[in-house]
Amino acid sequence: MSQAVKLTSLEEHNMAPNDQRLIEHGFPCHQVGAETQRERGASSALPPLYYLHVWWARRPLTPSRAAILASLLPADYDPELFVRRLGIEKVQALVNGQPWTLNGNLLAKVIPDGQGGEVLPVDAVVLRALAKENQRRQENINLIGQIKISNPNLAQDPILLHWEKESQLLPEPFPTPDDRLEITRTMGDPAGANDRILLEKSLGIRTSEDKYGYNRAYTAMQEYQTADLTILDPTAGGGSIPFEALRLGYRMIANELNPVAAVILHATLDYPARFGIELAAEIERFGKELRLPMVKQMEKFFPASFLPEVQRQELHEFLKECPEILPQFVDQKEKLDGFIYCRQVTCPHCRGEAPLLNSCWLSKEEGDQWGVKIITDGRARQGKVRFETYRVTQGRGPEGEDPNLATVKDGKGTCVHCRQAR
């Protein structure tokens, strides 16, 4: 997301060499730590550096960005503006004076007003989103009322009261088409969002709404007027600090003793900065060269097919808010880009196929959990196996399958045919 307000440059602060910096005085650890916890907990939206190579102790991007800026900005820099510039920022439209946090496609509709501010033009999409927002708030109010009845001790809980305040209905009358809603930007509250998540867990409930109100901070690209400085990181590891330094507009010198890490630094920092967007086409070409031999070897074992009808219906429901992208999934065959494999040996007792799995989980993502079932052919000697996937509900498959089933543990494998262990 582009930022409407630029950070003040260091030169404008007339910093002397012995000036105290923000990281030494008034650093907002609480909010930065909460956003870092959110980033580390991401399972489906990992930061860009994670996709290139697995690396030990890879530092999260949000605190890396925070450490750089807070080490350079003066101690009297506005902490709230600092947090916003890290990407921890809500974009809100004012509806009769009441803030409405925007997300998703609505953010793309925000435009400059020509006077240094921003507005949201009202159309049919915005009006539908407004009605849906009030419906969400009303459902929250009803839920909060039930919580207070069943848990009287929580009636004055500050987290619940804050949730209730945020859930007050947007006042009517709503704007009409061609109206424009004033936009304001305010600091996000990841610590408060984490508190809300913990409260819901303690009550055994889970609302599906976004508790944060903004995209993960590391995805925000900043506009930053920097002083003429160079950042040095001689022990850069996987490159989180130099990566953020480059994204903030600084020159960067980074190195690492480990040769693998040094190669990663070249691939993630040096080459993109040196060759720019043209490098993307070359990476795409090289990736295809790596993929094609694998596809030729594996396509007879994993023939491409269209989605089964059940999965097609689930996908239709999942993508109901953006039907325009459905065809790229339902009207095309699956692409063979990789495969999950397990080691398999021949059982020394019955000579059957003995797969060695430490778990039968395929996906533990909440709401979309899957396992794999090992199916034998029933032969006492030289038995064969095949596999079928199943959806996991409340920890079990449809026929009671246990996704925690393991055929190997502590270095000992158990045959799925004769049950002998070795």
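Below: a short report on this structure. Since the model is a prediction, treat every value here as computed from it, not as a measurement.

Mapped onto the elements of the fold, C347 is located in the loop between β8 (343–346) and β9 (353–356). Note on C347: relative accessible area 2%, which makes it buried. Not counting the four nearest positions on each side in its chain, C347 is found in contact with G352, A354, C415 and C418.

This part covers the packing of helix α5 (residues 158–166) against helix α6 (residues 190–203). One can describe the packing of α5 onto α6 by two numbers: an axis separation of 10 Å at closest approach and a directional angle of 110°. Taken together, the axes of α5 and α6 lie roughly perpendicular to each other. On α6, the residues that touch I159, L160 and W163 of α5 are D195, R196, L199 and E200. A per-class count over the contact of α5 with α6 returns four nonpolar, no polar and three charged.

This part covers the packing of helix α2 (residues 61–72) against helix α7 (residues 240–247). Across the interface, α2 lies against α7 with an axial gap of 9 Å and an inter-helix angle of 65°. In this structure, α2 meets α7 at a crossing whose hand is right-handed. Residues L61, S64, R65 and I68 of α2 form the contact with α7, whose own contacting residues are S240, I241, F243, E244, A245 and R247. Among the residues forming the contact of α2 with α7, the class breakdown is five nonpolar, two polar and three charged.

The next point concerns α2. Helical geometry: 3.6 residues make up each α-helical turn, so side chains three or four residues apart lie on a common side. With twelve residues, α2 should cover 16 Å at 1.5 Å per step; its first-to-last C-alpha distance of 17 Å lies within 8% of that length. Most of α2 sits inside the fold, with nine of its twelve residues counted as buried. Regarding α2, the residues found buried are L61, T62, S64, R65, A66, I68, L69, A70 and L72. In this fold, the buried residues of α2 make contact with α1 (29–40), α3 (79–85), β6 (230–233) and α7.

For the rest of this paragraph, the subject is the sheet that holds strand β10 (residues 361–363). Strands belonging to one sheet form pairs held by backbone hydrogen bonds; the direction of such a pair is parallel or antiparallel. Strand order in the open sheet formed by three strands is β10-β11-β12, and the pairing between neighbours is antiparallel. The two strands at the open ends of the sheet, each matched to only one other strand, are β10 and β12 (385–391). The average undirected angle you get between the axes of adjacent strands in this sheet is 30°. Where strand β11 (residues 370–376) and β12 come together, seven bridges link them in antiparallel fashion.

Ranked by size, the top nonpolar core spans 23 residues in total, and within it F82 and L86 carry the most contacts. Taken together, the elements giving at least two residues each to this core come down to α2 and α3. Sort the elements by how many residues they give to this core and α2 lands first, with five residues. Each residue touching F82, except ones within four places of it in the same chain, is listed here: L22, F27, P28, A66, L69, A70, L73 and Y77. Counting residues in each nonpolar core, the second largest holds 15 residues, with V122, V126, L170 and I183 among its members.

Tallying each qualifying case throughout the model produces three aromatic pairs. Taking the centre distance of 6.2 Å and the plane angle of 80° together, the rings of Y212 and Y214 count as edge-to-face. We note that Y212, like Y214, is buried. Ring geometry for Y271 and F275: centres 6.2 Å apart, planes at 50°, overall tilted. Of this pair, Y271 and F275 are both found in helix α8 (residues 259–275), four residues apart, which corresponds to roughly one turn of the helix. Across the ring face of Y212, the terminal group of R38 is positioned such that the distance to the ring centre comes to 3.9 Å. Between the NZ or CZ atom of R196 and the centre of the ring of W163, over which it lies, the distance is 3.8 Å.

Parameters and conventions
Residues numbered from 1 in each chain as written. Predicted model: local features only at pLDDT ≥ 70, side-chain atom pairs only at ≥ 80, totals over all residues. Heavy atoms only, no water. Helix = DSSP H or I, 4+ residues; strand = E, 2+ residues; numbered from the N terminus. Buried < 20%, exposed > 50% of the residue type's maximum accessible area, 1.4 Å probe, protein only. Contact = heavy atoms within 4.5 Å. Axes fitted to C-alpha atoms, helices over the stretch in contact; angles between N-to-C directions. Parallel < 35°, antiparallel > 145°, perpendicular 65-115°, else oblique. Nonpolar A, V, L, I, M, F, W, Y, C, P; charged D, E, K, R; others polar. Left-handed = near helix turned anticlockwise from the far one by under 90°. Expected span 1.5 Å × (residues − 1). Pairing = 2+ DSSP bridges. Core = buried A, V, L, I, M, F, W, Y, C linked by side-chain atoms within 4.5 Å. Phe/Tyr/Trp six-rings, centres within 6.5 Å; stacked < 30°, edge-to-face > 60°. Lys NZ or Arg CZ within 6 Å of the ring centre and 35° of its normal.

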